Amino acid sequence: SALTVRFLTRRFIGEYVGTESIYTHNVMVDGRETFFSIWDSVCPKNPSLQTCISDEQLRWADGFIVVYSICNRDSFNVVRQQLQRIRQQKKRQGLAPVIIVGNKRDLQHRREVSSEEGRMLAIGSDCGFFEISAAETYHGSLVVFHQLLESVRENRNANKKNAGIKGIVRSMSAVFGRKRME
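Residues numbered from 1 in each chain as written. Predicted model: local features only at pLDDT ≥ 70, side-chain atom pairs only at ≥ 80, totals over all residues. Heavy atoms only, no water.

## Notes on the pattern of salt bridges
Under the criterion given, the structure shown has four salt bridges. Residues Arg73 and Glu117 are paired through a salt bridge, measuring 2.7 Å at the closest nitrogen-oxygen approach. Pair noted here: Arg73 is in helix H3 (residues 73-93) and Glu117 is in helix H4 (residues 115-124), with a separation of 44 residues, a long-range link. Put simply, Glu131 and Arg111 hold a salt bridge, and the shortest N to O gap is 2.8 Å. Of the two residues, Glu131 sits in strand E6 (residues 128-131) while Arg111 sits in the loop between strand E5 (98-103) and H4, which places them 20 residues apart along the sequence. A relative accessible area of 25% places Arg111 in the partly exposed class. (Salt bridge = Lys/Arg side-chain N within 4 Å of Asp/Glu carboxyl O. Helix = DSSP H or I, 4+ residues; strand = E, 2+ residues; numbered from the N terminus. Buried < 20%, exposed > 50% of the residue type's maximum accessible area, 1.4 Å probe, protein only.)

Now the structure itself:
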């Protein structure tokens, strides 16, 4: 059967307020047809926790990619806000994988956020981390999406196993937990 995966990407654009787009793409991954839906959205310059990521986007996505520019400290701070919002919402709905991406690696001479800061944020938030240059090559972006796909698959498999174990525990409790009336 086909696998459908929905990713939300959030980018900080600064002064520019762009539009949101949903891209879909079908590919064969490990011999299985996979449908990707990517909701690519931008974050305004001064976002609040609620405007940064909507409830609809949080419910929709199976995984998240949050992107900051290594040349813009404000964008890194927005990623912190986005992670907080994602974690708040997903605690209620079940966790979803998140990957933090530092973009514009080709502009090292303008760097404001160190690789170490990005890596530490990812470790502290239990997220994946990559630094890439989307302008130089698409390979880095492919690696990010492939990693997120693997994380979503692992998350789904773990949820299925937990649901199965919980069902067994409930059944056993129902059988052995009854008081005997004899």
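Following the structure, the description resumes.
## Quick notes on the packing of aromatic side chains
Aromatic rings considered in pairs are described by the distance between their centres and by the relative angle of their planes. Scanning all chains against the criterion turns up one aromatic pair. Centre to centre, the rings of Tyr68 and Phe76 are 4.9 Å apart; their planes meet at 70°, and the pair counts as edge-to-face. Accessibility expressed as a relative area gives 0% for Phe76, which makes it buried. (Phe/Tyr/Trp six-rings, centres within 6.5 Å; stacked < 30°, edge-to-face > 60°.)

Remember, this is a structural readout, not a statement about activity or role.
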